[in-house]
Amino acid sequence: MIYITGDTHMGIDIHKLSATRFPEQKLLNKQDYVIVLGDFGMVWNDGKEELYWRRWLDQKPWTTLFIDGNHDNHPLLDSFPAEQKFEGTVRKISDSIYFLPRGEVYTIDGITFLTMGGADSVDKLWRIQYEKDTGKKIWWKSEQITSEQILDGLDNVDRKLGGRVDVVLSHAAPFFVERQIGEHIVQSPSSLLLQDLAYQLDCKMWFFGHYHVDNTYTD
C-alpha cells in the first residue's frame, strides 16, 4: 500500500501522520509506504528536534519516502549514503526513511514513479542564501530544478520504462497547473521546466505538494 501526502515541515505539519489523523496506519507494515512530496524538513541541520521526529517516524509501522522541496537542506540530503532500492538510487536517512533524488525512476508495489523534487522559494527576500564563509544555511541555489535534471528524468523513463511512467512525484506543479491553483501563484523557472517535462512525458498521474491545498486538477 502507498499513501502520498504534502509537506510536513518537520514538526509544523507532521501531526497529520499521527494515529488519530491517519488511522489507516494501524493496518500497515514496513512493506507499506508513505511518500512526502517535498519540504520534509527533517534533514536540515541534524538538530535535536529533527532527530526526535526522525525517530518518531522510524517507530511508525510504515517506511517513509520523500522528495526534496525548496525548504530542505539539499547539500545535507546529498551527503547521506546512496544505495540501490526500488530499482533506482536512494539516499538512506535512517532504517525506514529514504530520500528519492530528482530524475530517478522507481518501481514500488508494481507502480513506476519519476521523481522531480525542488522548487523556487517565494520567500527568498526574507531568507539568506547559503554562504560558506559565514556558515549561514537558509536557502540554497540547488533548490531550483535544472534543465539537466529534466533531461535526466526523461532519459531514465525512456531507457528503463520504454517512454512511459505511471506516476510523477514533484514538489512544485507545472506552470499550466499553477495557473489553476490561484492568481497569487508567481511564475517560476522550476514550474516552467516542469511544464516542459509534462509536455514531453507520457504518464497516468502526477502528484505535487508545495501549495498547501487539497485539490485535483486536470490538463
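Residues numbered from 1 in each chain as written. Predicted model: local features only at pLDDT ≥ 70, side-chain atom pairs only at ≥ 80, totals over all residues. Heavy atoms only, no water.

**Looking at the confidence of the model for the chain**
Here comes step 1: On average, residues of the chain score 91 in pLDDT, and 91% of them are at 70 or above.
Here comes step 2: Below pLDDT 50 for its whole length, residues 130-135 participates in five contacts with residues either more than four positions away or in separate chains. (pLDDT = per-residue confidence, 0-100. Contact = heavy atoms within 4.5 Å.)

**Describing helix α1 (residues 48-58)**
Here comes step 1: Of all the positions in α1, only Glu-50, Trp-53, Arg-54, Trp-56 and Leu-57 are classed as buried. Mapping the buried residues of α1 onto a view down its axis gives an arc of 155°, with all of them on the same face. (Buried < 20%, exposed > 50% of the residue type's maximum accessible area, 1.4 Å probe, protein only. Helix = DSSP H or I, 4+ residues; strand = E, 2+ residues; numbered from the N terminus. Arc of directions from axis to C-beta.)

**Here we look at the environment of Ser-190**
Here comes step 1: Along the chain, Ser-190 falls in helix α5 (residues 189-200).
Here comes step 2: Residue Ser-190 is classed as buried on the basis of its relative accessible area of 0%.
Here comes step 3: For the pair Ser-190 and Phe-66, spaced 124 residues apart in sequence, the C-alpha separation works out to 19 Å.
Here comes step 4: Not counting residues within four places of it along the chain, the set of residues in contact with Ser-190 comprises Ala-119, Asp-120, Gln-144 and Ile-145.
Here comes step 5: One polar contact links the side chain of Ser-190 to the main-chain amide nitrogen of Ile-145, over a distance of 3.1 Å. (Polar contact = N/O pair within 3.5 Å; in protein donor to acceptor, adjacent residues only side chain to side chain.)

**With respect to the sheet that holds strand β9 (residues 164-170)**
Here comes step 1: Taken in spatial order, the four strands of this open sheet run β7-β8-β9-β10, and their pairing is mixed. Each end of this open sheet is capped by a strand with a single partner; those strands are β7 (105-108) and β10 (202-208). Here the strands of the sheet are splayed against their neighbours by 30° on average, with no regard to which way each runs.
Here comes step 2: Relative to β10, β9 runs parallel, the two being bridged by six bridges. Paired with Val-167 across the strands is Met-205, a residue of β10.
Here comes step 3: Sitting on the sheet, helix α3 (residues 147-161) is in contact with β7, β8 (111-116) and β9, with an inclination near 165° to β8.
Here comes step 4: Across the face of the sheet, α5 comes into contact with β8, β9 and β10 while running at roughly 150° to β10. (Pairing = 2+ DSSP bridges. Axes fitted to C-alpha atoms, helices over the stretch in contact; angles between N-to-C directions.)

**Section: the environment of Thr-216**
Here comes step 1: Its place among the elements puts Thr-216 in the segment after β10.
Here comes step 2: As a C-alpha pair, Thr-216 and Leu-201 span 15 residues in sequence and 19 Å in three-dimensional space.

**Concerning unusual backbone geometry**
Here comes step 1: We note that Glu-87 has phi near 65°; this positive angle belongs to a residue other than glycine.
Here comes step 2: Residue position: Glu-87 is located in the loop between β4 (82-85) and β5 (88-94).
Here comes step 3: In this model, Asp-109 sits at a positive phi of 55°, which is unusual for a non-glycine residue.
Here comes step 4: As for its position among the elements, Asp-109 is in the loop between β7 and β8.

**Some words on the sheet that holds strand β2 (residues 33-37)**
Strand pairing within a sheet occurs via backbone hydrogen bonds; the two strands may be parallel or antiparallel.
Here comes step 1: Read from one edge of the open sheet, six strands run β1-β2-β3-β6-β5-β4, paired in mixed fashion. Edge positions in the sheet fall to β1 (2-5) and β4, since each of these pairs with one other strand and no more. Sheet twist, expressed as the mean angle between neighbouring strand axes with direction ignored, is 35°.
Here comes step 2: Note: β4 against β5, four bridges, orientation antiparallel.

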